[in-house]
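# Observations on the model geometry
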Amino acid sequence: MSREHPIIAVTGSSGAGTTTIRDAFARMFSRQQVAAAFVHGDSFHRYTRDQLARLLAAHPERKQSLSHFAMEANLLDRLEQLFLDYSTSGTGTYRHYIHAEDKELVEAGHKVGTFTAWESLPENTDLLLYEGLHGGLVTEDINIAQYVDLLIGVAPSINLEWIQKIDRDTKLRGYSQEAVIDTIQSRMEDYLRYILPQFSRTHINFQRVPVVDTSNPFEPRSVPTSDESFVVIRFRGPQKVDFPYLLAMIKDSFMSRPHTLVVPGAKMPLGLELIMLSRVQELLDGRRFK
């Protein structure tokens, strides 16, 4: 961990909603004039979309080992090196993976499913914000979590997570529903092995729970709205959290356990800002006054 060059990692499965948390951080950083370096986990995939398709066509038996959750399909040693470099010197190298929704990069001539060139992080940033699949990963050979000062997990109820992934990948990324469901099924073992254990290492977990029927997530349906959800927020180290303040500020919120706050989905943006503003300030104060 580094109080000089702090790292925040938002980790979760594909379709969990980590981008929503990242965007909320970005708005808060803008208002608070915090200079952040943003890194997306997709940029550490090993293969372009075409390379991966060719590999799977030639070796269909490797479908599971080449899922984006798996070690083999990612450059996790480079991600670990980035976290080490940033935590010690505020530097590091990264790149972008091009999605269909990255309009500016696509208009600039980049092909969907490819990477930009590796480049240095911006200079003189206050902190690094990572959003992706592996921000809290620990294995026998890799320990990314050790460099993270604030680790946030995003883990909606499993059926909602799948509904959100199907909705995003079909509407924004051009996949068929059948292809997305096939991807979910093929990644299940790696989901259990690499994704779920991270949520036991997080400082804060956000879990959106719908209050509408999602019993069959593979049936075509709309994503439950924020008004149709609650968000369960679990804190590690709850003694550092001002729960009376949060309960007073967030209407209709309540405590379900001594370390767990439940917030109506529509109040989540306010809850996120109240919670994160104090945590980010703690990190920055540690950097400034070390």
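Keep in mind that this is a model prediction, so the values were computed, not measured.

### What to know about empty space enclosed by the protein
Enumeration over the complete set of coordinates arrives at two cavities of 30 Å³ or more. Of the voids in this model, the largest cavity is the one considered here, and its volume is about 70 Å³. Around the largest cavity, the lining residues are Ser13, Ser14, Phe69, Glu161, Trp162, Lys165, Ile184, Arg187, Met188 and Tyr191. Here the lining of the largest cavity takes three residues from helix H5 (residues 158-171), the largest share from any one element. Split by residue class, the lining of the largest cavity holds five nonpolar, two polar and three charged. Forming the walls of the second largest cavity are Met28, Phe29, Gln32, Val34, Leu277, Val280, Gln281 and Leu284. Among the elements of the structure, helix H1 (18-32) and helix H9 (268-288) are those that each provide at least two residues to the lining of the second largest cavity. It is H9 that contributes the most residues to the lining of the second largest cavity, four residues altogether. Here the lining of the second largest cavity is composed, by residue class, of six nonpolar, two polar and no charged.

### Here's the deal with unusual backbone geometry
In this structure, Gln33 takes a positive phi of about 60° despite not being glycine. Its place among the elements puts Gln33 in the loop between H1 and strand E2 (36-40). Classification of Gln33 as exposed rests on a relative accessible area of 71%. One non-glycine residue with positive phi stands out, namely Asn124, at about 60°. Residue placement: Asn124 occurs in the loop between strand E4 (119-120) and strand E5 (127-132). Accessibility expressed as a relative area gives 71% for Asn124, which makes it exposed.

What counts, and where the lines are drawn
- Residues numbered from 1 in each chain as written.
- Predicted model: local features only at pLDDT ≥ 70, side-chain atom pairs only at ≥ 80, totals over all residues.
- Heavy atoms only, no water.
- 1 Å grid on protein atoms, 1.4 Å probe; cavity = no way out; pocket = protein on both sides within 12 Å on 5 of 7 lines; lining within 4 Å.
- Points joined across faces, edges and corners; volume = space filled by probe spheres on them.
- Helix = DSSP H or I, 4+ residues; strand = E, 2+ residues; numbered from the N terminus.
- Nonpolar A, V, L, I, M, F, W, Y, C, P; charged D, E, K, R; others polar.
- Buried < 20%, exposed > 50% of the residue type's maximum accessible area, 1.4 Å probe, protein only.

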